[in-house]
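Listed below are the residues making up each chain.
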Amino acid sequence: MIRTALYARISDDRRGEGLGVARQREDCLGLAESRGWTVTAEFIDNDLSAYSGKNRPGFTELLSGIEAREFDAVVVYHQDRLTRRPSEFEDFIDKCQRFGVKQFATVSGETDIGQGDGILVARIMAAVAANQSDASARRIRRKNDENAAAGRPHKTGQRAYGYELDRMTVVESEAAVIREAARRFLAGESLVSVVAWLQAEGIRTATGMNEWRTPTLRNLLKSPRIAGLREHRGEVVGDALWPAIITRQEHEQITARLAESAKTNRRSPRRYLLSGKVFCGACGNKMFSSPDGGRRRYGCRKGPDFGGCAKIFINAEPLEEFIVRAVLARLSSPATIDAIRNAQQPDGTGKTLSDELAGLQHKQAELMEMWTDGVITKRELIPARDKIESRIESTRRQLARLDAGTGLSQFLGDTDTVAAAWDAPDMTLQRQAAVVGAIISRVVVHPSKRVGPRVDLNRIEPEWIV
């Protein structure tokens, strides 16, 4: 009995149906039967390239079986189904020769690896297959570069959320979800909070099968695609041909906020409404959470990690209640409403910063092109590049701090309207903190002038942005 291993592989199975490997398997079984060989094991790698160098479990198991002397022959549909890398083929040949595999048959022809000429032919075929793959990869890269430069989409056979399979036509129901998720995130909600909303509403991902998860939402919101921008090899290369779902300004704010979150790495849930906003009126240092038993407090703390005077402490609850009342009263003020609405105009600060960022990124690309073409030297490149990158980072930080109306729009109106919006069920502590942070730069707590259990509200001094 000739113990035979069957191996089948296909590089691209976009529909996930496995039809390609099924056809290969059927033909290989027919070949083995015609030769009187007995197939004792089958190894399948579906939707895996033999040229990329990525691990192929089926191929690895085949080599292990050969090393264990489990086979006398190997049958595949074509030699390039086995491998397109000469180094892998040499490994296969070495193991066959060392562990007793003498027959290597393909549906397109047989190769006798037990003698020199057969091995030579097989090696030539392996080199030809590698060259074909390399040429194909070069053509694909050139085509992808052309598509990116023209703003055309990179089609993968999978639908992107918000767009039809052609990646050009907007799915309006999903676009509305994206805009709402972006609004909530820019209004101060965490990714976890937005995902909880998506799950509560029963909204599914593009496949219609899976619930949203935080990494999935993060990748969607930071994608240049939804802002009508074409990304190629990790960089935005220009405007896309498809319609944008959110504005470029919103995209820059989202990416800036995500980058800031990655730096601070804040994971514990917020418990203090005014974290980072309260300052000591005695020494000027920032005050931190300083719980006293079961009470939440803000305190000016000593020590190398704090550097405060430890003279000012205040209970969190009355301080936060006072600031909330002050914030809601200010948001009901006609002067504040006018200031916020003026900041939301298309020719406002946000659009100016967004245009400035686009210009800086264009200059950055031009600078790298000049270096690549030899117009400037590396010594000239580095200081110019560092200066532009510094300005880009500064502009992104300004955009991250800019509310652009996403967090304050629903709070414009009379006192009752503002209070109702503040107490809405979906108004999380993070969103409340974002609203406070949009109109208050900081809160200074001065030493108390009276002694007693009640909080002296006269010692609290908010400093307003608008």
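Residues numbered from 1 in each chain as written. Predicted model: local features only at pLDDT ≥ 70, side-chain atom pairs only at ≥ 80, totals over all residues. Heavy atoms only, no water.

Regarding helix H10 (residues 316–331)
Piece 1. Between its first and last C-alpha atoms H10 spans 22 Å; for 16 residues at 1.5 Å apiece the expected length is 22 Å, and the two agree.
Piece 2. Every buried residue of H10 is listed here: Ala316, Leu319, Glu320, Ile323, Val324, Val327, Leu328 and Leu331. The arc that holds the buried residues of H10, viewed along the axis, is 155°, so those residues lie on one side. (Helix = DSSP H or I, 4+ residues; strand = E, 2+ residues; numbered from the N terminus. Expected span 1.5 Å × (residues − 1). Buried < 20%, exposed > 50% of the residue type's maximum accessible area, 1.4 Å probe, protein only. Arc of directions from axis to C-beta.)

A closer look at the sheet that holds strand E8 (residues 278–280)
In a beta sheet, neighbouring strands are held together by backbone hydrogen bonds and run either parallel or antiparallel to one another.
Piece 1. Pairing is mixed across the open sheet formed by three strands, whose spatial order is E8-E12-E13. With partners counted over all chains shown, the strands left at the sheet margins are E8 and strand E13 (460–464), one partner each. When the angles between neighbouring strand axes are averaged without regard to direction, this sheet yields 30°.
Piece 2. Note that E8 and strand E12 (residues 440–445) share three bridges and pair parallel. Bridged to Cys280 within E12 is Val445.
Piece 3. Contacts from H10 reach E8, E12 and E13 within the one sheet, and its direction differs from that of E13 by about 40°.
Piece 4. Against the sheet, helix H15 (residues 429–439) makes contact with E12 and E13, and its axis sits at roughly 90° relative to E12, the strand it touches most. (Pairing = 2+ DSSP bridges. Axes fitted to C-alpha atoms, helices over the stretch in contact; angles between N-to-C directions. Contact = heavy atoms within 4.5 Å.)

Some remarks on the side chain of Arg56
Piece 1. By secondary structure assignment, the location of Arg56 is in the loop between strand E2 (38–46) and helix H2 (57–67).
Piece 2. By relative accessible area, which is 3% here, Arg56 ends up buried.

As for the sheet that holds strand E11 (residues 313–315)
Piece 1. The strand order across the open sheet built from three strands is E9-E10-E11, with neighbouring strands paired in antiparallel fashion. In the strand order of this sheet, the two ends are held by strand E9 (288–289) and E11, each with one partner.
Piece 2. In the sheet, strand E10 (residues 297–299) pairs with E11 via three bridges, with the strands oriented antiparallel. Opposite Gly299, over in E11, you have Phe313 as the bridge partner.
Piece 3. With respect to the sheet, H10 is in contact with E10 and E11, its orientation differing from that of E11 by roughly 75°.

A word on the environment of Arg297
Piece 1. Turning to its location among the elements, Arg297 is positioned in strand E10.
Piece 2. Remark: the alpha-carbon pair of Arg297 and Met287, spanning ten residues in sequence, is separated by 9.6 Å.
Piece 3. Each residue touching Arg297, except ones within four places of it in the same chain, is listed here: Tyr272, Phe288, Ser289, Ser290, Pro291, Asp292, Phe313, Ile314, Asn315 and Ala316.

Notes on the nonpolar core
Piece 1. Counting 35 residues, the largest nonpolar core has Met287, Tyr298, Leu319 and Ile323 as the members making the most contacts within it.
Piece 2. Taken together, the elements giving at least two residues each to this core come down to E8, H10, helix H11 (334–343), helix H14 (415–422), H15 and E12.
Piece 3. Among the elements that line this core, the one with the most residues is H10, at seven residues.
Piece 4. Here Met287 is in contact with Val278, Phe279, Cys280, Tyr298, Gly299, Cys300, Ile312, Phe313, Ile314 and Val445, once residues within four sequence places are set aside.
Piece 5. Grouped together as the second largest cluster of nonpolar side chains are 29 residues, Leu198, Leu221, Ala240 and Ile246 included. (Core = buried A, V, L, I, M, F, W, Y, C linked by side-chain atoms within 4.5 Å.)

Here's the deal with the packing of H10 against H14
Axes are the key here: two packed helices are described by the angle between their axes and the distance separating the axes.
Piece 1. As a packed pair, H10 and H14 sit with axes 9 Å apart at the nearest point and diverge in direction by 130°. Comparing the axis directions of H10 and H14 gives the class oblique. The two elements H10 and H14 cross, and the hand of that crossing is right-handed. Of the residues in H14, those in contact with Val324, Leu328 and Leu331 of H10 are Val418, Ala419 and Trp422.
Piece 2. Here the residues of the contact of H10 with H14 sort into six nonpolar, no polar and no charged. (Parallel < 35°, antiparallel > 145°, perpendicular 65-115°, else oblique. Left-handed = near helix turned anticlockwise from the far one by under 90°. Nonpolar A, V, L, I, M, F, W, Y, C, P; charged D, E, K, R; others polar.)

Quick notes on helix H6 (residues 172–186)
Piece 1. Given a rise of 1.5 Å per residue, 15 residues ought to cover 21 Å, and the 21 Å separating the end C-alpha atoms of H6 matches this to within 8%.
Piece 2. In the stretch just after H6, Gly188 is the one whose phi turns positive, near 115°.

Let's talk about the layout of surface pockets
Piece 1. Considering only enclosed or pocket space, the second largest pocket measures out at about 690 Å³ in volume.
Piece 2. In terms of lining, the second largest pocket is formed by 26 residues, of which the most central are Gln158, Arg159, Ala160, Arg167 and Arg225.
Piece 3. The set of elements that each furnish at least two residues to the lining of the second largest pocket consists of helix H8 (214–222) and strand E6 (229–232).
Piece 4. Here the lining of the second largest pocket gets four residues from one element, more than from any other, and that element is E6. (1 Å grid on protein atoms, 1.4 Å probe; cavity = no way out; pocket = protein on both sides within 12 Å on 5 of 7 lines; lining within 4 Å. Points joined across faces, edges and corners; volume = space filled by probe spheres on them.)

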